[in-house]
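Chains, contacts and geometry: an overview
Next come the chains, spelled out residue by residue.
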Amino acid sequence: MITVEQVRALALTLPRTSEHLIRDRVKFRVGAIVYVAFSRDETVMGFAFPKEERAALVESEPEKFHLPGESDMRFNWVHAWTSALDEPEMRELVVEAWRMVVPKKVAAARLGL
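Counting from 1, residues in each chain are numbered in the order their sequence is written. Local features are withheld for residues below a pLDDT of 70 in this predicted model, meaning they are given only at 70 or higher, and side-chain atom pairs are given and counted only at 80 or more; totals for whole chains, interfaces and linings count all residues. Hydrogens and water molecules were not included; the side-chain quantities draw on all heavy atoms of the structure.

What follows concerns the sheet that holds strand 4 (residues 44–48). With antiparallel pairing, 6 strands are arranged side by side in an open sheet as 1-2-3-4-6-5. The open sheet is flanked by strand 1 (17–22) and strand 5 (65–66), the only strands paired with a single partner. Think of it this way: DSSP has to see at least two bridges between two strands before they count as a pair. Helix and strand assignments follow DSSP, with helices taken as H or I runs no shorter than four residues and strands as E runs no shorter than two, numbered in order from the N terminus. Summarising the sheet, strand 5 and strand 6 (residues 77–81) pair through 2 bridges and their orientation is antiparallel. Within the sheet, the bridge partner assigned to His 66 lies in strand 6 and is His 79. Here helix 2 (residues 51–60) sits on the sheet in contact with strand 4, strand 5 and strand 6, set at roughly 20° to strand 6. Contacting strand 1, strand 2 (25–30), strand 3 (33–38), strand 4 and strand 5, helix 3 (residues 87–101) crosses the sheet at an angle of about 155° to strand 3. Residues count as neighbours in contact if any of their non-hydrogen atoms are within 4.5 Å of one another. An axis is simply a line fitted to the C-alpha atoms; with a helix, the fit covers only the stretch in contact. Between two such axes, the angle follows the N-to-C directions and lies from 0 to 180 degrees.

Right, dumping it as structure tokens:
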């Protein structure tokens, strides 16, 4: 199980990230683009994820991942149960979500690519 505090500890080390509390939901973003957000009860973590790959992710582990609500299907977004994620997996999901929203040179500098 992962927590908001674990995600915060990682996300705030990623360049250009800021944390916001919007309608009682913790969100991490770069500029105006949210790349990780939690449900109000912190049982679900939503994260940026390529649209073309999300069905395969959800189908591969439906007990862990699920699609967002209908109104959010237009976004590059997937949800995960926080109780089903471990820390290494959370780290990978958060970093890859962040990588989707920053300029390539910023990601390359941070990740040593």
